[in-house]
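Reading the structure
Next come the chains, spelled out residue by residue.
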Amino acid sequence: FQITTVSGNEFLLQSDIDFIILDWFHAIKNAIDRLPKDSSCPSRNLELFKIQRSSSTELLSHCDSDIKEQKPEHRKSLMFRLHHSASDTSDKNRVKSRLKKFITRRPSLKTLQEKGLIKDQIFGSHLHKVCERENSTVPWFVKQCIEAVEKRGLDVDGIYRVSGNLATIQKLRFIVNQEEKLNLDDSQWEDIHVVTGALKMFFRELPEPLFPYSFFERFVEAIKKQDNNTRIEAVKSLVQKLPPPNRDTMKVLFGHLTKIVAKASKNLMSTQSLGIVFGPTLLRAENETGNMAIHMVYQNQIAELMLSEYSKIFSSEED
């Protein structure tokens, strides 16, 4: 039922059970019938509108007979106009359909960010966008994590291999995305594996890997070269062609990882171990076709070469 008062307020009473609707109708009608018959009462100006075809034949017959039994003065004295439509069920289905379409068509986070409706975050944003906002070529969060690891994690067994508490990592991720002040020396980040886990998550959630998709096959071709010097020069040439944020972030990250390898006797993380950890995280094909196991081998080998030949690959004439 839709009930509209003289002041224009509207109320909707809905139920899928016909006898409940009928009970409501009788209760409202009986309440109206008990109203005083003073002609000065404003409610006397309201009339009962014709009840349209009901979703139930039984309800229609009851309502129509009730209306017809009323005396004219009683019908004119009703305080409400009542409306129950047979299309209630179809209306409900249409509403459900529209809600379903709205949910399935709701814009993605990427779309909302592109339209400026949601502010770009640190995690999940393109590397160049993060750097543009910070007016840098290496994300502040990456530098802060590296600083924390080098301060208190170089000697830790399994650094970057051992997983930190995921709930704490997600908490750290949330704080960074909310642009809250972050102090990695705080006791809640005491577990250095939480810091390394968050750093790996940052690279893993980049929409495009640190090694851009357009460079993936070229790096694979370079690592396939048989002569080691030729392989190093090919990789160095590709690195120099990378966009500044990718190249500079790569240089800072692998420079940091060489310090991890230098402490391998204590942290037990060799070049090969770090290659296995970072290879699939930092570079991957845009469309995973062919043998993924072979791709993984190349990913690991490229990361290992970047570490073992770091000084040659990232050297420049100015160095």
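Refer to the preceding data block for the structure.
Residues numbered from 1 in each chain as written. Predicted model: local features only at pLDDT ≥ 70, side-chain atom pairs only at ≥ 80, totals over all residues. Heavy atoms only, no water.

For the protein chain, the count of helices and strands is 16 helices and three strands. Counting every position in the protein chain, which comprises 319 residues, the buried fraction comes to 40%. Put simply, the protein chain shows about 18,400 Å² of open surface, and 52% of that area lies on carbon and sulfur atoms. (Helix = DSSP H or I, 4+ residues; strand = E, 2+ residues; numbered from the N terminus. Buried < 20%, exposed > 50% of the residue type's maximum accessible area, 1.4 Å probe, protein only. Areas by Shrake-Rupley, 256 points an atom, 1.4 Å probe, with all protein chains shown as cover.)

On to the nonpolar core. Counting 65 residues, the largest nonpolar core has F211, F254 and M306 as its most contacted members. The leading source of residues in this core is helix α9 (residues 192-204), at eight residues. If sequence neighbours within four positions are ignored, F211 has contacts with F219, M250, F254, L282, L283, I302 and M306. (Core = buried A, V, L, I, M, F, W, Y, C linked by side-chain atoms within 4.5 Å. Contact = heavy atoms within 4.5 Å.)

Moving on: the environment of E134. The residue E134 is located in helix α6 (residues 127-134) in this model. Beyond its immediate stretch of four places on either side in the chain, E134 contacts I122, P139 and W140.

The terminal C-alpha atoms of helix α7 (residues 140-152), which comprises 13 residues, lie 19 Å apart, in line with the 18 Å expected from a rise of 1.5 Å per residue. Three or more residues of α7 are buried, namely F141, V142, Q144, C145, I146, A148 and V149. Against the buried residues of α7 lie α8 (166-177), α9 and α12 (244-262). (Expected span 1.5 Å × (residues − 1).)

This next bit is on the packing of aromatic side chains. What characterises a pair of aromatic rings is the spacing of the ring centres plus the angle enclosed by the ring planes. Scanning the entire structure with this criterion turns up nine aromatic pairs. Ring geometry for F123 against F202: centres 5.9 Å apart, planes inclined by 85°, an arrangement best described as edge-to-face. Taken together, the positions of F123 in the loop between α5 (109-114) and α6 and F202 in helix α9 put the pair 79 residues apart, joining distant regions of the chain. Its relative accessible area of 0% is what places F202 among the buried residues. Aromatic ring contacts, followed pair by pair, group F123, F141, F202 and F203 into a single cluster. (Phe/Tyr/Trp six-rings, centres within 6.5 Å; stacked < 30°, edge-to-face > 60°.)

With that settled, consider helix α10 (residues 213-223). Listed as buried for α10 are Y213, F215, F216, F219, V220, A222 and I223. Projected onto a plane normal to the axis of α10, the buried residues spread over an arc of 155° and lie on a single side. (Arc of directions from axis to C-beta.)

A word on the pattern of salt bridges. It is possible for side chains bearing opposite charge to pair when their charged atoms get close. Under the criterion given, the structure shown has eight salt bridges. Measuring nitrogen to oxygen at the nearest pair gives 3.2 Å for the salt bridge that ties K151 to D185. Taken together, the positions of K151 in helix α7 and D185 in the loop between α8 and α9 put the pair 34 residues apart, joining distant regions of the chain. Classification of K151 by relative accessible area gives exposed; the value is 52%. (Salt bridge = Lys/Arg side-chain N within 4 Å of Asp/Glu carboxyl O.)

These values are about where atoms sit, not about what they do.
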